[in-house]
Amino acid sequence: MPTMVSMSPLLQSLNAEQRRAVTTTEGPLLVLAGAGTGKTRVITVRAAHLLEKGVAAEQILLVTFTNKAAREMQERLLSLAGKQAEGIQVSTFHSFCIRLLRQHAAFLNLPSSFGICDGSDQITAVKSALRELRIAETAIHPRAAQSRISLFKNSLISVEQAKDQADDDWDLGVAMVYEKYQQHLQRSRVLDFDDFLVLSLKLLNEQETVRKQLEDRFRYVMVDEYQDTNGPQYGIVRAIVQNHQNICVVGDDDQSIYGWRGADISKILGFEKDFPGATKIHLLTNYRSTEEILDAANKVIRNNSKRHEKELKSALGSGTTVAILRMEDESHEASFVCSEIDHLVRIGEAHYRDIAILVRTAQQPRSFEADLRAMNIPYHLVGGMSFFDRKEVRDLLAYLRLIANPADETSFLRIANIPARGIGKGSIEKVVAAATAAGEGAFPTMRKMVESGSLGAAPSKGFQQLRTALNQAHALAKQGDLVALLRTLLTSIHYRDEIDRIYPDEATRNLRWNGVMEVLNFAENYQRKASKPTLQGFLEELSLNENDDRDQEDQGDAVTLMTLHAAKGLEFRRVYLVGVEEGILPHTRSVTEGHVEEERRLMYVGVTRAQRDLTITYCEARAKFGRLQSCHPSRFLFEMREKEPPQGWVPSGAPQMAQTAAPAPRKAKSVVTGRKRRKKR
DNA sequence: TGTGTCCGAGACGAA
DNA sequence: CTCGGACACA
């Protein structure tokens, strides 16, 4: 216990639990920070406290999952501890690993200029692997294969092991796709997101000097959002701290919602086992939400079996009741929510910026967007189709990536004939076959083929045009003038004409061109901010920095419409949690695959975003594939009200025939009675 | 080789 | 309903 006389002003602003977390500086420490319990505050004050104790800033490493979080931490640190905090390294796992890999590329036999294979490139690579293997996409879903491959990588399972383990055709097919996929990445000289982590881990495991170097430098390591840590990330942290054990992880097992991305909740559940002698601290005082909201959250989440038991307590006290409302269908739902928002703002009860509409799936926003627009309610949509998924943006980026890394096959194939320049399907096929056989990039392969005259006149001519355009741009890339590069490129490929040609509609045309201009803006910004702007750096930033449109402040006074996944970490005075139905939340697929607990955490995340007012809606029916289908309120709503589902309620994932049989086993699982007693203490 | 149209399958979340 | 792929055309 620190004595009062020596307590620094830093610590005085904290509650007892938080203070204990901050002052426990040595040895492994697990901070279970429930939603709204001042997690960021604890992390930043803890770092500042370390500095106060005389630890050099350079010895502190703070790992986050998103760039946004990293930036926020950095800012908070500067305001807490001033200039000396600048030396603290705050980075995401991914950027930390990329830097490490570029430094030690030689050891891993990597080109130091490797490119980044993002999500949609991964799908493209999987698809081309399937085509190569003559496997129909209906037999093996590209997306399913991709996520399995990612799982293989994160579990350090090699292609050979995957093949050995396969015990049916599907598994074997995926293992073969995995092999082709890896070859594709290799000859394209790109790494996917999993590679960053896995290769970094390999580096640390096999190069003791590198590991030692990091261990000596980073004497104090903190990991934010530890519940989202996957196997390789855990391994990396562990390798750095294994001797000094000064590892502090902060997170909330109840908010682990990235299992499908490889996040391993057992890491936060088993921290004390992984790091014997660890201190465990619960932060349970919630400064965000009213008692009613936390009560609803607690009642839902306690139905999970795999968790650290805890219940949040509100520091705010009582407020309004949580409303659970039944809607006819999704258009009624949307118009109800929008009218209410409109009304509340009109009577001065609320600001747009204080309101969020949270959805489970990316297509739910559709009905809401229509109504929001019709009612002139300013809003911004987060998640779903990202700016970087837009066709024109991806085209342009493919050009840039090809300039930075001529071996990049996906990018080459994407723009080889955009705009059309006589390189058709036939020649593309020939080039891919040759590139695959040679294990080289498609662009260099095609150059050789053109030079040896093994391609027709039209494609050869087209290729020369492309090459000229790229060379010209490449020269400007070397000078670091990205804006000039983009302008030159756009001119030389006549991209404006291409857009005008494809989109006869004036409005779409402008919209598309705006996307292109937006990339120019990004480049301008990057060039201004970066100390040493390079094309590679620019592309890296674009791939790693999710475009942070989550910032409410940046959006002016507007309603936020977003997915639950995007909402984690944010808070709003008033929240509408919509579409809370069996089949959506929990999602059918999660139910059939046995991931209901993660869905429940998603529900929990949604509920705990609200500060004062929470309205939950569910629909009686909802359009699926253009056809209206009836649906049932989510099991989580019954849990929340401690009620049994009524007769005729059909849980998602249950076969339609077995309506009477299905609820029986679920009852025992979802309705936990006898817990009420434990709640009051 | 480039363009247009039709058809059928399809939908979870994203650094 | 909405996308992408296949196929048929110029």
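Provided above is the structure to which this section pertains.
Everything numeric here is computed off the predicted structure, so don't read it as measured data.

A. Representation of the protein's contact with DNA strand C. Close contacts around DNA strand C come from Lys127, Arg366 and Phe625, and that covers them all. Within the side chain of Lys127, a nitrogen or oxygen atom sits 3.2 Å from a phosphate oxygen of DNA strand C.

B. Expanded view of the packing of helix α10 (residues 193-206) against helix α12 (residues 231-241). For the pair α10 and α12, interaxial distance at closest approach is 9 Å and the crossing angle is 30°. Judged by the inter-axis angle, α10 sits roughly parallel to α12. Seen from above, α10 lies across α12 with left-handed handedness. Residue-level inspection shows Leu197, Val198, Ser200, Leu201 and Leu204 of α10 in contact with α12, the latter providing Pro232, Gln233, Gly235, Ile236 and Ala239. Of the residues belonging to the contact of α10 with α12, the class tally is 7 nonpolar, 3 polar and no charged.

C. Examining the environment of Glu540 more closely. By the secondary structure assignment, Glu540 is in helix α26 (residues 535-544). Sequence separation of Glu540 and Glu160 is 380 residues, and the distance between their C-alpha atoms is 31 Å. Those residues in contact with Glu540 that sit more than four places away from it in its chain are Ile98, Arg102, Ile116 and Asn545.

D. View of the sheet that holds strand β11 (residues 323-327). Read from one edge to the other, the open sheet built from 6 strands follows the order β11-β16-β15-β12-β14-β13, with strand pairing classed as parallel. Each edge of the sheet is formed by a strand with only one pairing partner; in this case those strands are β11 and β13 (379-382). Shown here is a sheet whose adjacent strand axes are inclined to one another by a mean of 20°, direction ignored. Bridge count between strand β12 (residues 355-359) and strand β15 (residues 572-577): 4 bridges; the pairing is parallel. Looking at β15, one finds that Ala356 is bridged to Val575. Packed on one face of the sheet, helix α16 (residues 330-346) meets β11, β12, β14 (559-563), β15 and β16 (610-619) and runs near 160° to β15. In this fold helix α17 (residues 365-374) packs onto β12, β13 and β14, with an angle of close to 165° to the strand it touches most, β13.

E. How the structure looks around the side chain of Thr229. Examined against the element boundaries, Thr229 turns out to sit in the loop between β6 (220-223) and α12. Here the side chain of Thr229 touches Tyr226 through a polar contact of 2.8 Å, landing on its backbone oxygen. Setting aside its immediate chain neighbours within four residues, Thr229 contacts Phe65, Val223, Tyr234, Ala263, Asp264 and Lys267.

F. Examining the protein's contact with DNA strand B more closely. Looking at DNA strand B, there are 30 residues lining it, with Trp260, Arg360, Ala362, Gln363 and Phe625 nearest. When atoms of DNA strand B within 4 Å of the protein are sorted by moiety, sugar and phosphate together comprise 40%. The side chain of Trp260 places a nitrogen or oxygen atom 2.8 Å from a base nitrogen of DNA strand B. Take Gln363: an N or O atom from its side chain is 2.5 Å from a base nitrogen of DNA strand B. Mapped by element, the contributors of at least two residues to the surface near DNA strand B are α20 (425-438) and α28 (588-592). Residues belonging to the surface near DNA strand B are distributed by class as follows: 9 nonpolar, 13 polar and 8 charged.

G. Up close: the environment of Trp170. Counting through the fold element by element, Trp170 comes out in helix α9 (residues 169-188). A relative accessible area of 29% places Trp170 in the partly exposed class. Residues Trp170 and Pro533 lie 363 residues apart in sequence; the distance between their C-alpha atoms is 45 Å. Residues in contact with Trp170, not counting those within four places in the same chain, are Ala139, Ile140, Ala144 and Arg148.

H. Expanded view of helix α3 (residues 39-52). Taking 1.5 Å per residue, 14 residues should reach 20 Å; α3 reaches 20 Å between its end C-alpha atoms and fits that length. Among the 14 residues that make up α3, 11 are buried, leaving the element largely enclosed by the rest of the structure. Within the span of α3, buried status applies to Lys39, Val42, Ile43, Thr44, Val45, Arg46, Ala47, Ala48, His49, Leu50 and Leu51. Positive backbone phi, approximately 105°, marks Gly54, located one or two places after α3.

I. The nonpolar core, seen in detail. Grouped together as the largest cluster of nonpolar side chains are 51 residues, with contacts concentrated most on Leu397, Leu400, Phe412, Met446, Leu485, Tyr495 and Leu535. The contact partners of Tyr495, leaving out residues within four places of it in the chain, are Glu392, Asp395, Ile418, Leu490, Trp513 and Val516. Core analysis: the second largest hydrophobic core is formed by 43 residues, Val63, Leu108, Leu203 and Val237 among them.

J. Inspection of the pattern of salt bridges at higher detail. Applying the stated criterion across every chain, the model contains 57 salt bridges. The salt bridge partner of Arg394 is Asp121, with a shortest N-O separation of 3.2 Å. Here the residue Arg394 occupies a position in helix α18 (residues 391-404), and Asp121 occupies one in helix α6 (residues 119-132), the gap between them amounting to 273 residues. Just as Arg394 is buried, Asp121 falls in that class too.

About the cut-offs
Residues numbered from 1 in each chain as written. Chains lettered and ligands numbered in written order. Predicted model: local features only at pLDDT ≥ 70, side-chain atom pairs only at ≥ 80, totals over all residues. Heavy atoms only, no water. Near = heavy atom within 4 Å. Polar contact = N/O pair within 3.5 Å; in protein donor to acceptor, adjacent residues only side chain to side chain. Axes fitted to C-alpha atoms, helices over the stretch in contact; angles between N-to-C directions. Helix = DSSP H or I, 4+ residues; strand = E, 2+ residues; numbered from the N terminus. Parallel < 35°, antiparallel > 145°, perpendicular 65-115°, else oblique. Left-handed = near helix turned anticlockwise from the far one by under 90°. Contact = heavy atoms within 4.5 Å. Nonpolar A, V, L, I, M, F, W, Y, C, P; charged D, E, K, R; others polar. Pairing = 2+ DSSP bridges. Buried < 20%, exposed > 50% of the residue type's maximum accessible area, 1.4 Å probe, protein only. Expected span 1.5 Å × (residues − 1). Core = buried A, V, L, I, M, F, W, Y, C linked by side-chain atoms within 4.5 Å. Salt bridge = Lys/Arg side-chain N within 4 Å of Asp/Glu carboxyl O.

Keep in mind that these numbers describe shape and distance, not what the molecule does.
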